[in-house]
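What follows is each chain in one-letter form.
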Amino acid sequence: EPVALVEHSLAFLSQTAYPLPENEEARLAALERYADDSEALNASLTRLGQLATELFDLNSAAVGLMDAHHERFLSCYGASFETLAREKSICTYALLDDEVTVIEDVSEDPRFSENEGLAAAGVTFYAGMPLITPDGHAIGVFCLHDSEPRTFTERDRELLTLLAEEAMEQLELRRQLRE
């Protein structure tokens, strides 16, 4: 693990506070197409969050969009998250992968162990799946949180992927309606 941590640090040495996807400029351009503050979207995504917390027996679920410097939550269920700076958000890292990111115990991960905001919010377990646009850009994350460390099975990962795909479909349908 220490070798992986050093390799990770070296890989992101040129960046100030957090890693960026290789396609960050195109990703941000794609994100602009999905900016929507509608109450209908919030209600729809909140229902998905409620389903997720019941399905996985977790404290909270959220859907956030990641702009250049912040994560803005479109929906939170079971918690109330304000806009977060990207360097303080686990979703910044989940955004880099096109599969589910799981952190069974945030306090044991050196990237987040000293993140006071996560501790204050009671986030010990995290799982997140990027919201991927039809043209392949990750614009945000459907994420799950719990106050206890836990495992996440392969089936759990499949179900979270379905929830993220449904959330992205809601965003896409509303984008199409606006255009």
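These notes cover the structure that comes with them.

## As for the pairing of strand β6 (residues 138-146)
Then, number 1: With nine of nine residues buried, β6 is to be regarded as a mostly interior element.
Then, number 2: Looking at chain direction, strand β1 (residues 60-66) and β6 are connected through six bridges and run antiparallel. From the neighbouring strand, G64 faces β6, where its bridge partner is V141.
Then, number 3: With eight bridges joining them, strand β5 (residues 125-132) and β6 adopt antiparallel strand pairing. Each residue of the ladder has a partner; that of Y126, found in β6, is H145.
Then, number 4: In this structure, the hairpin formed by β5 and β6 is closed by a connection of five residues, where G136 is found at a positive phi of approximately 90°.

## As for the side chain of T92
Then, number 1: Position of T92 relative to the elements: it lies in helix α4 (residues 91-94).
Then, number 2: The exposure class of T92 is buried, given its relative accessible area of 0%.
Then, number 3: Those residues within four positions of T92 in sequence are excluded, and the remaining contacts are Y18, P19, M66 and R86.

## Structural notes on the sheet that holds β5
Then, number 1: Strand order in the open sheet formed by six strands is β3-β2-β1-β6-β5-β4, and the pairing between neighbours is antiparallel. Both outer strands of the open sheet, β3 (84-85) and β4 (101-103), are each paired with one neighbouring strand and no more.
Then, number 2: Sheet topology note: the β1/strand β2 (residues 70-77) ladder contains six bridges and is antiparallel. The residue bridging A62 from the neighbouring strand is C76, located in β2.
Then, number 3: Docked against the sheet, helix α3 (residues 39-56) engages β1, β2 and β6, running at close to 70° with respect to β2.

Cut-offs used in this document
- Residues numbered from 1 in each chain as written.
- Predicted model: local features only at pLDDT ≥ 70, side-chain atom pairs only at ≥ 80, totals over all residues.
- Heavy atoms only, no water.
- Buried < 20%, exposed > 50% of the residue type's maximum accessible area, 1.4 Å probe, protein only.
- Helix = DSSP H or I, 4+ residues; strand = E, 2+ residues; numbered from the N terminus.
- Pairing = 2+ DSSP bridges.
- Contact = heavy atoms within 4.5 Å.
- Axes fitted to C-alpha atoms, helices over the stretch in contact; angles between N-to-C directions.

None of this, on its own, says anything about what the molecule does.
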